[in-house]
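Given next are the chains, with one letter for each unit.
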Amino acid sequence: MKTNNETGCALCNSTWGEYYRKIDGQKMLFCCNICADIFEDMVKKVKEETGWKKLNEVELHGNYSTSRNCVARHGKKQFNYYFRTYSNGEMMEFRSKDENKPI
Ligand SMILES: [Zn+2]
């Protein structure tokens, strides 16, 4: 899986930390365990919503305080969603922005 954060943490693009976790069998770089938790949880939720077994790419915009608007891609399909988390990394809100469109 690729994300649009190419220089640092897969979730927030920070470069100050080095924390690795396997997501879907792939070793990914995060700045800390909280970002890894958020990312892992988010991937799980996207899969639940879409029924996809795997994501090829995730594009993330925004941050902790403004919330995040994202696009996940699987082949030619894409899924637009929005999520917010608490400061401990717990999911506060997760919703599809494609409500009217079948996935
Ligand atoms: Zn991070």
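First things first, this report covers the structure right here in the doc. (Residues numbered from 1 in each chain as written. Predicted model: local features only at pLDDT ≥ 70, side-chain atom pairs only at ≥ 80, totals over all residues. Heavy atoms only, no water.)

## Examining the nonpolar core
Phase 1: The biggest cluster of nonpolar side chains holds 27 residues, and the ones touching the most others in it are Phe30, Phe39, Met42, Tyr81 and Phe83.
Phase 2: For this core, the elements supplying multiple residues, two or more each, are strand S3 (26-30), helix H1 (33-50), strand S4 (57-63), strand S5 (67-74), strand S6 (77-85) and strand S7 (91-96).
Phase 3: It is H1 that contributes the most residues to this core, seven residues altogether.
Phase 4: Ignoring sequence-local partners within four residues, the contact set of phenylalanine 83 consists of Leu11, Ile38, Met42, Leu60, Ser67, Arg68, Cys70, Met91, Glu93 and Phe94. (Core = buried A, V, L, I, M, F, W, Y, C linked by side-chain atoms within 4.5 Å. Buried < 20%, exposed > 50% of the residue type's maximum accessible area, 1.4 Å probe, protein only. Helix = DSSP H or I, 4+ residues; strand = E, 2+ residues; numbered from the N terminus. Contact = heavy atoms within 4.5 Å.)

## As for the packing of aromatic side chains
Phase 1: Counted according to the given criterion, the structure contains four aromatic pairs.
Phase 2: Ring geometry for phenylalanine 30 versus phenylalanine 39: centroids 5.5 Å apart, planes at 55°, classification tilted. The same class applies to phenylalanine 30 as to phenylalanine 39, namely buried.
Phase 3: Ring centres of tyrosine 81 and phenylalanine 83 lie 6.4 Å apart, and the angle between their planes is 20°; this geometry places the pair in the stacked category.
Phase 4: In textbook terms, an aromatic cluster arises when at least three aromatic residues are bridged by ring pairs, as seen for Phe79, Tyr81, Phe83 and Phe94.
Phase 5: Over the aromatic face of tyrosine 82 sits the side chain of arginine 95, whose NZ or CZ is 4.4 Å from the ring centroid. (Phe/Tyr/Trp six-rings, centres within 6.5 Å; stacked < 30°, edge-to-face > 60°. Lys NZ or Arg CZ within 6 Å of the ring centre and 35° of its normal.)

## Overview of the coordination of the zinc ion
Phase 1: Every protein donor of the zinc ion is accounted for by Cys9 (SG), Cys12 (SG), Cys31 (SG) and Cys35 (SG), and the metal-donor separations fall at 2.3 Å.
Phase 2: Linear spacing of the donor residues for the zinc ion on their chain is C-x2-C-x18-C-x3-C. Taken together, the positions of cysteine 9 in the loop between strand S1 (2-3) and strand S2 (19-23) and cysteine 35 in helix H1 put the pair 26 residues apart, joining distant regions of the chain. (Donors = N, O, S within 2.8 Å, 3.2 Å for Na, K, Ca; no water.)

## Brief notes about the pairing of S3
Phase 1: As paired strands, S2 and S3 are joined by five bridges and run antiparallel to one another. Paired with tyrosine 19 across the two strands is phenylalanine 30, which belongs to S3.
Phase 2: The hairpin formed by S2 and S3 contains two residues between the paired strands, and aspartate 24 there has a positive phi angle of roughly 55°. (Pairing = 2+ DSSP bridges.)

## Let's talk about H1
Every α-helical turn comprises 3.6 residues, leaving residues that sit three or four positions apart pointing alike.
Phase 1: In a regular helix each residue adds 1.5 Å, so 18 residues correspond to 26 Å; H1 covers 26 Å between its end C-alpha atoms and thus fits that length.
Phase 2: If you check which residues of H1 are buried, you get Cys35, Ala36, Ile38, Phe39, Met42, Val43, Val46 and Thr50. One side of H1 carries all its buried residues, which in axial view fall inside an arc of 160°.
Phase 3: A positive phi of about 80° marks glycine 51, the residue just after H1. (Expected span 1.5 Å × (residues − 1). Arc of directions from axis to C-beta.)

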